[in-house]
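What follows is the residue order along each chain.
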Amino acid sequence: MSAPLTHLPQWQALAAHRDALAGRTLADLFAADPMRAERLGLEGAGLFADFSKQRVTDETMRLLLDLARARDVAGRRDAMFAGDAINVTENRAVLHVALRAPKGATILHEGENVVPAVHDVLDRMADFADALREGRWRGYSGARIRNVISIGIGGSDLGPIMAYEALRGFSRRDMVFRFVSNVDGSDLAEALHDLDPAETLFIVCSKTFTTLETLTNARAAREWCLAAFGHEAAIARHFAAVSTNESEVRTFGIDPAQMFGFWDWVGGRYSMDSAIGLSTMIAVGPGNFAAMLAGFRAMDEHFRTAPPERNLPLVMGLLGVWNTNFLGAETVAVLPYAQYLNRFPAYLQQLTMESNGKGVTLSGAPVDHDTGAIFWGEPGTNGQHSFYQLLHQGTRLVPCDFIGFCEPLSASADQHDLLMANLFAQGEALAFGRSAEDLRAEGTPEWLVPHRLCPGNRPSTTILAQALDPRTLGALVALYEHSVFTQGAIWGIDSFDQWGVELGKQLATRIIDEIRAGAPAGHDPSTIALIRRYLAGKARP
Ligand code: G6Q
C-alpha cells in the first residue's frame, strides 16, 4: 500500500476508461444496452438497489472491482470482522458488527469472545425497557414514567433520534420521546417545558461521560429534577446512563444498576445498535429492536459473503469512489421518500463525513485524491420544491440516493402511490432530462427552450425495500456503514478516528475561560474582536 493510490495501474485504468467514456450519456448507455437495468439491480438483506442510472458500463464495474482487489477491500473487511485494530490512529478494533451478532456466535477481541457480553447488556436493556413500557418502573413519587429524554450528542444522539423518528410507527404512542443534544440551553428548555418531572426519565448517553455538551445538559436536567423533588434519592429513579465509563457515571450520581455499558471497540457513529439505542428499545420494544439488529446482521452477512459483483455495500462504495474521484462529484444528495426518515440524511452526514473526511492515509502521508463526499439531503417530496432545481439544471454534478418503500406505513395507499410516483419521476428526469426537440414539439417558444431544457445524464441510485420496518432500517444503516468502509479501504484512510473535531473543542475550552474573565487573549485579531463584541453586547442592559 505504499505507492500513492493514483499511481496504481488499476486507478490509471479507471482514469483512461473515464476519458474513453466521455460524451456517452446515460441515454446512450441505456439505448445501447436495455438490459443494464437488470444487470445493475442488486439485492441483499431485503434491499434492492438499482445502480443502472449511474454513469457506468460493465467495463467500469470490472475496473472498479479490480481496484477493490488491488486495495484488498476483502482482506480489510475480514480484518474488521476478526477484531484487528484497524482504527490505527487510536489503536482500536472496530467491532460494531459484534453488536448484532446472534447469541452463540463468536467474535474475538484480544482473545476474548465479546458476544456474551453484548447479549448480557441487551438482556438488561430489555428488562429495563419492559419495566418502563409496562409501568413497573415508577418515578420517585410513584408515578408512571411517560416521558423519556435522551441526552447525548454526535454519535450518542444522531442514531437514536434518527431511529426513533424512522420507527415512530412502531413506537409507544402513549409515551413521549425527546432528544437533547445542543449545549444551547434552549434545547433542553424546549424539551422539558411541558413535562412533569414525576413522569420523566433521563437517559444520559455518553461513551466517555466527559463530553461538555452532554454533561452540561445532564447537570441542568438533574437540577430540574432536584428542584421538583428536593431530594437526591429521586435521581436514582429518574436517571439512567449509557456509557463505557462507570467511574464518571458514579461521580455524576447515577446508580451503576441503571448504567448500560458498551466498549471502546464501538465508535460513536457506529453505536446506535449498542446500549446507545436504549431509547429506541424503550420506544419500539425489545422485539422490534431485535428485528432491527437482525436487519443489520443480514447486511453484515451479505457484505461478508456475497460475490463482489453482487455485493451491495461494496458496489455502492465503489460507485461513490467513481463519482467522487473520476466524475468529480463533490456531494451526494440523500433523498428518502419517507417522512419517517427525516433525520436519516443528518445521521448519514456524521456516518460518512466524520468517517471519510480525512486528508492523510493510514501512514500519515497526504492523500493525492479527493476523499469523502459531502452528504446532505431532505425527504422527498419536500426537497423537490426547494433545491431539486439545482439538481436538474444547475452546473454541478450531484449524484442522488433515492430511498423508497413499496408499502405505506400510515399514508393511504393512494397517497403512497403519489409519493412513489414522484420518486420514480425524479430519477428518470435526472437521468434522461428533456430535450430541445421535445420542447419544440410541445410548442415551447424558441427563446424559452434553453430555460426549460433539462440536460439529464445526472446519476442516481434508487434503493427500494418492502416497508420501513425495524429490520429494513437495520439493513439500510448497515448498507451505508459498509459502503463507507469500502470507500475508506480504497482511499487507504482511517475511517474510524475523528481527530479533526478536537481542535475546536480545545479552543472552546480556552475561550469559555476568557469570556468568564472578560479578557480574550492569544487569538487572531478577528476572533478577539468578535469575543469583545460579544462581551459588550452581553453587558448591555
Ligand atoms: C462519533 C464521535 C462523536 C461522539 C460525540 C459524543 O463517532 O466520536 O460524535 O459520538 O462526541 O461523545 P460521547 O459519547 O463520548 O459523549
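Refer to the structure presented above.
Residues numbered from 1 in each chain as written. Predicted model: local features only at pLDDT ≥ 70, side-chain atom pairs only at ≥ 80, totals over all residues. Heavy atoms only, no water.

Of regular secondary structure, the chain possesses 22 helices and 13 strands. Relative to a compact globule of 541 residues, whose C-alpha radius of gyration would be 24 Å, the chain shows 25 Å and is just as compact. Based on the C-alpha atoms only, the size of the chain along its principal axes is roughly 75 × 65 × 55 Å. Residues counted as buried form 53% of the 541 residues belonging to the chain. Taking the contacts inside the chain whose residues are at least 6 apart along the sequence as the reference set, 74% of them involve residues at least 24 apart. When the accessible surface of the chain is summed, it comes to about 23,000 Å², and 53% of that surface belongs to carbon and sulfur atoms. One way to put it: in the chain the 48 positive side-chain charges average out to a point 3 Å from where the 62 negative ones average out. (Helix = DSSP H or I, 4+ residues; strand = E, 2+ residues; numbered from the N terminus. Rg over C-alpha atoms; globule rule 2.2 N^0.38 Å. Buried < 20%, exposed > 50% of the residue type's maximum accessible area, 1.4 Å probe, protein only. Contact = heavy atoms within 4.5 Å. Areas by Shrake-Rupley, 256 points an atom, 1.4 Å probe, with all protein chains shown as cover. Lys, Arg positive; Asp, Glu negative; His and termini not counted. Charge placed at Lys NZ, Arg CZ, Asp CG, Glu CD.)

To continue, consider the sheet that holds strand β8 (residues 239–243). Read across the open sheet, the 5 strands follow the order β6-β5-β7-β8-β9; overall the sheet is parallel. Across the chains shown, the open sheet's two edge strands, defined by having one partner strand only, are β6 (176–180) and β9 (259–261). Mean inter-strand twist for the sheet, computed between neighbouring axes without regard to direction, equals 15°. Bridge count between strand β5 (residues 147–151) and strand β7 (residues 200–205): 5 bridges; the pairing is parallel. The residue of β7 that forms the bridge with serine 150 is isoleucine 203. (Pairing = 2+ DSSP bridges. Axes fitted to C-alpha atoms, helices over the stretch in contact; angles between N-to-C directions.)

Right, let's talk about the nonpolar core for a bit. One finds Leu341, Phe344, Leu473 and Tyr480 to be the most contacted residues of the largest nonpolar core, which totals 120 residues. The biggest single contributor to this core is helix α20 (residues 470–491), with 12 residues. Excluding residues that lie within four positions of it along the chain, tyrosine 480 makes contacts with Met316, Val334, Phe344, Leu348, Leu351, Phe375, Asp401, Ile403 and Ile463. (Core = buried A, V, L, I, M, F, W, Y, C linked by side-chain atoms within 4.5 Å.)

For any pair of aromatic rings, the description rests on two quantities: the centre-to-centre distance and the angle between the ring planes. Inspection of the entire model under this criterion finds 21 aromatic pairs. Residues phenylalanine 30 and phenylalanine 432 carry aromatic rings whose centres are separated by 5.4 Å and whose planes lie at 75° to one another, so their mutual orientation is edge-to-face. Within this pair, whereas phenylalanine 30 is found in helix α2 (residues 26–32), its partner phenylalanine 432 is found in helix α17 (residues 413–432), the two being separated by 402 residues in sequence. When its relative accessible area of 18% is taken as the criterion, phenylalanine 30 is described as buried. A relative accessible area of 33% means that phenylalanine 432 is categorised as partly exposed. Geometrically, the ring pair formed by phenylalanine 303 and phenylalanine 485 is edge-to-face, given 6.1 Å between the ring centres and 80° between the ring planes. On the criterion of sequence distance, the pair formed by phenylalanine 303 in helix α13 (residues 286–305) and phenylalanine 485 in helix α20 is long-range, its members being 182 residues apart. (Phe/Tyr/Trp six-rings, centres within 6.5 Å; stacked < 30°, edge-to-face > 60°.)

What follows concerns the site of the ligand. Near the ligand you find 13 residues, and of these Ser156, Ser206, Thr208, Thr211 and Gln350 are the closest. Between the ligand and lysine 207 there is a distance of 2.7 Å, counted from an oxygen atom to a backbone nitrogen or oxygen. Note that an oxygen atom of the ligand is positioned 2.6 Å from one of the side-chain N or O atoms of threonine 208. Burial of the ligand by the protein amounts to 86% of the accessible area it has alone, namely 410 Å². Looking at side-chain class alone, the shell around the ligand contains 1 nonpolar, 9 polar and 3 charged residues. (Near = heavy atom within 4 Å. Polar contact = N/O pair within 3.5 Å; in protein donor to acceptor, adjacent residues only side chain to side chain. Nonpolar A, V, L, I, M, F, W, Y, C, P; charged D, E, K, R; others polar.)

Let us look at unusual backbone geometry. Most peptide bonds take the trans configuration, and most residues that are not glycine carry a negative phi. Put simply, glycine 380 and threonine 381 share a cis peptide bond, and its omega is 10°. Tracing the sequence through the fold places threonine 381 in the loop between β11 (374–377) and α16 (388–393). In this structure, alanine 45 is a non-glycine residue whose phi angle is positive, near 55°. Take alanine 45: it is sitting in the loop between β1 (41–44) and β2 (47–50). A positive phi angle, near 50°, is found at glutamate 110, a position not held by glycine.

Right, let's talk about the side chain of histidine 119 for a bit. Summarising the element assignment, histidine 119 is placed in helix α6 (residues 115–133). Classification of histidine 119 as buried rests on a relative accessible area of 13%. Of the polar contacts made by the side chain of histidine 119, one reaches the backbone nitrogen of lysine 103; its length is 3.2 Å.

Tracing the backbone shows glycine 154 in the loop between β5 and α7 (158–166). The partly exposed category is assigned to glycine 154, whose relative accessible area is 23%.

Across all of its chains, the model carries 27 salt bridges by this definition. Two residues, glutamate 481 and arginine 100, come together in a salt bridge whose shortest N-O distance is 2.7 Å. Placement of glutamate 481 in helix α20 and of arginine 100 in the loop between α5 (73–81) and β3 (108–109) is noted, with a sequence separation of 381 residues between them. For glutamate 232, the salt bridge is made with arginine 222, and the minimal N-O distance between the two is 3.1 Å. (Salt bridge = Lys/Arg side-chain N within 4 Å of Asp/Glu carboxyl O.)

The next point concerns the environment of alanine 93. Structurally, the position occupied by alanine 93 is in the loop between α5 and β3. The exposure class of alanine 93 is buried, given its relative accessible area of 7%. Counting along the chain gives 14 residues from alanine 93 to alanine 79, while the straight-line C-alpha distance between them is 9.2 Å.

Read from one edge to the other, the open sheet built from 6 strands follows the order β1-β2-β13-β12-β10-β11, with strand pairing classed as mixed. At either end of the open sheet lies a strand with only one pairing partner, and these are β1 and β11. For this sheet, the mean inter-axis angle between neighbouring strands, taken without regard to orientation, is 20°. For β2 and strand β13 (residues 460–465), the ladder comprises 4 bridges, and the chain directions are antiparallel. Bridging across to β13, leucine 47 finds its partner in alanine 465. Relative to β11, helix α15 (residues 344–356) is tilted by about 175°, and along the sheet it contacts β10 (331–336), β11 and β12 (400–405). Each of β12 and β13 touches α17; the most contacted strand, β12, lies at about 155° to it.

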